[in-house]
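Spelled out from the first residue to the last, the chains are:
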Amino acid sequence: MKTLQQIRRELHQIPEIGFQENKTQAYLLEEIYLLNQERLTIVKWKTGFVVHVQGLNASKTIGWRTDIDGLPIKEQTSLSFESNHEGFMHACGHDIHMTVALGLLRKIIESPIKDSMLFLFQPAEEGPGGALPMREWLKSEHADLFPDVILAFHIAPEYPVGTVATRPGLLFANTSELFIDLHGVEGHAAYPHRTKDMSVAAASLLLQLQTIVSRAINPLDSAVVTIGKMTSGTVQNIISGHARLEGTIRTMDAETMATVKSRIEALCKASEIAFECKVDIDYGSGYYQVFNTEEMTNDFLSFADQDPSTVAIQCDAAMTGEDFGYFLQEIPGLLFWAGVDSPYGLHHAKLNPDETVIDYLVPFAESYIRKLSNHGNV
Ligand SMILES: [Zn+2]
Ligand SMILES: [Zn+2]
């Protein structure tokens, strides 16, 4: 049987983006078919799948979710097991997440627990988002497999191996992409009156968008509206007939997200009138907040605190997004960070997580799950 390190390195070499994880799915299934199948039910869903492990005397199902997708980033780590999918990289650690899930699955098969487990190998976390459709599929097609409680972790470059961090309540923000297209009338630079200049309209809209957080949001709430990319026009002496703003919205609760979106829509409507143009808004993909079940998270933190090989930290909420929030919207549970000690952050082309986290985390997670199975009555 392959070592977990070898599995992680082989997965690292074949990163695939959302809903294209065909090789990844085949690789994982091949590893899982090697295990004792007696208690297993495997059901494929798109490029992901779930594995149900029947408990010895189950009163609930404990879910463990891993994401499986990579990113369209060209790797620059020079590792011997660098990505061999040119232009793609596991730059968010999902190769580590998958390997830990596989390691945990091996342990639970070797030495079964009282409760049942459902391992969710979920595609497309980075976009367009696999958690929500996977949850809906499970609920409607395999309600008997639906977990009663659910867990996941994400690698955290800023902590050393052996540190886990989380917090009860809100951990990750509500997020939404934002694409705004402004359609006007292109024309000669010297005849502005015969055109509808979208560079001016976009510049004005960009500045007005800055008033949303400062003027429409309660100062005690938090929100981010960032336009990271702005494009307009074709050449220096032609007035631009089309401009595009690309950005992202982050908020700490779902209502604030709704407020931000309604202000964006109002400002875009105002631009249409002021600049005689057509403005289209596309929110792209967006993720619901990650809200950890409070009692369970406190219990997890005190469990981690008592583990001699673990440093447990109660961290702050972050403005990053995670589609695991869609599972937590309906299932009690939590997501935690696990340190991997890398000077480069998530989504960085040089991210090189310390893979010894796998050998630390598998037994740690296993013992927490055994505790949940024996005592937890969630
Ligand atoms: Zn990511
Ligand atoms: Zn990630």
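Residues numbered from 1 in each chain as written. Chains lettered and ligands numbered in written order. Predicted model: local features only at pLDDT ≥ 70, side-chain atom pairs only at ≥ 80, totals over all residues.

S.K.: Looking at this structure, how should I read unusual backbone geometry?
M.R.: Most peptide bonds adopt trans geometry, and most residues besides glycine take a negative phi value. For the bond from G127 to P128, the omega torsion is 0°, close enough to zero to count as cis. Position of P128 relative to the elements: it lies in the loop between strand 4 (116–122) and helix 4 (131–141). Positive phi, close to 55°, is recorded for S78, a residue that is not glycine. Its place among the elements puts S78 in the loop between strand 3 (61–67) and helix 3 (94–110). (Helix = DSSP H or I, 4+ residues; strand = E, 2+ residues; numbered from the N terminus.)

S.K.: Even after reading the chapter, I still don't get the sheet that holds strand 1 (residues 40–45), so can you show me in this structure?
M.R.: Strand order across the open sheet formed by eight strands is 1-2-4-3-5-17-6-16, with mixed pairing between neighbours. Edge strands, defined here as strands with exactly one partner in the open sheet, are strand 1 and strand 16 (311–314). Taking the axes of each pair of neighbouring strands and ignoring which way they run, one obtains an average angle of 20° across the sheet. As judged from the two bridges shared by strand 6 (residues 163–166) and strand 17 (residues 333–339), these two strands associate in the antiparallel manner. (Pairing = 2+ DSSP bridges. Axes fitted to C-alpha atoms, helices over the stretch in contact; angles between N-to-C directions.)

S.K.: What should I look at first to understand the nonpolar core in this one?
M.R.: Most often, soluble globular proteins keep nonpolar side chains buried together rather than apart. The biggest cluster of nonpolar side chains holds 66 residues, and the ones touching the most others in it are A101, F119, F336 and A338. With nine residues, the single largest contributor to this core is helix 9 (residues 356–374). If sequence neighbours within four positions are ignored, A338 has contacts with F153, I155, A156, V164, V357 and L361. (Core = buried A, V, L, I, M, F, W, Y, C linked by C-beta atoms within 7 Å. Buried ≥ 20, exposed ≤ 12 C-beta atoms within 10 Å, placed from the backbone. Contact = placed C-beta atoms within 7 Å.)

S.K.: Just checking my understanding: could you explain the environment of V43 for this structure?
M.R.: Within the secondary structure, V43 sits in strand 1. Residues in contact with V43, not counting those within four places in the same chain, are F49, V50 and H142.

S.K.: I would appreciate a short explanation of the packing of helix 1 (residues 4–12) against helix 3 in the present structure.
M.R.: Two quantities define a packed helix pair, namely the angle between the axes and the distance from one axis to the other. At a closest axis distance of 9 Å, the pairing of helix 1 and helix 3 adopts a crossing angle of 145°. For helix 1 against helix 3, the interelement crossing comes out right-handed. Packed against helix 1, whose contacting residues are L4, I7, R8, L11 and H12, the element helix 3 presents D95, I96, M98, T99, L102 and G103 at the interface. Classifying every residue of the contact of helix 1 with helix 3 gives six nonpolar, three polar and two charged. (Left-handed = near helix turned anticlockwise from the far one by under 90°. Nonpolar A, V, L, I, M, F, W, Y, C, P; charged D, E, K, R; others polar.)

S.K.: Got a minute to help me understand the packing of helix 5 (residues 198–216) against helix 6 (residues 254–275) in this structure?
M.R.: The geometry of helix 5 relative to helix 6 is characterised by a closest axis approach of 10 Å and an angle of 150° between their N-to-C directions. Judged on the interaxial angle alone, helix 6 and helix 5 are roughly antiparallel. As for how helix 5 packs across helix 6, the hand of that crossing is right-handed. Residues V200, A201, S204, L205, Q208, L209, I212 and A216 of helix 5 form the contact with helix 6, whose participating residues are T259, V260, R263, I264, L267, C268, S271 and F275. Split into classes, the residues belonging to the contact of helix 5 with helix 6 amount to eleven nonpolar, four polar and one charged. (Parallel < 35°, antiparallel > 145°, perpendicular 65-115°, else oblique.)

S.K.: Hey, could you run me through the domain arrangement of the protein in this one?
M.R.: How big an interface is tends to be stated in terms of accessible area lost as the parts join. Split into domains, the protein comes out as domain 1 (4–168 + 290–374) and domain 2 (174–286). Spacing between the C-alpha centres of domain 1 and domain 2 amounts to 37 Å. At the interface, six residues of domain 1 touch five residues of domain 2. Taken together, the residues that form the side of domain 1 that touches domain 2 break down as three nonpolar, three polar and no charged. (Domains from an automatic or database assignment.)

S.K.: When you look at helix 1 in this model, what are you seeing that I'm missing?
M.R.: Working note: α-helix, 3.6 residues per turn, so residues spaced by three or four point in the same direction. Every buried residue of helix 1 is accounted for by I7, R8, L11 and H12. All buried residues of helix 1 fall inside an arc of 135° around its axis, so they share one side. The inward-facing, buried residues of helix 1 abut helix 2 (22–33), helix 3 and helix 9. (Arc of directions from axis to C-beta.)

S.K.: Would you take a moment to explain the environment of H94 for this structure?
M.R.: Assignment of secondary structure puts H94 in helix 3. Look at H94 and you get buried, because 25 C-beta atoms sit within 10 Å. Linking H94 and F153, residues 59 residues apart in sequence, is a C-alpha distance of 10.0 Å. Contacts of H94, omitting those with residues within four sequence positions, involve D67, I68, D69, G70 and E125.

S.K.: Just to check I follow, could you spell out the environment of E355 for this structure?
M.R.: You can see E355 is positioned in the loop between strand 17 and helix 9. For E355, a count of 19 C-beta atoms within 10 Å corresponds to the partly exposed category. In this structure the C-alpha to C-alpha distance between E355 and K107, which are 248 residues apart in sequence, comes to 19 Å. Residues in contact with E355, not counting those within four places in the same chain, are Q5, R8 and I96.

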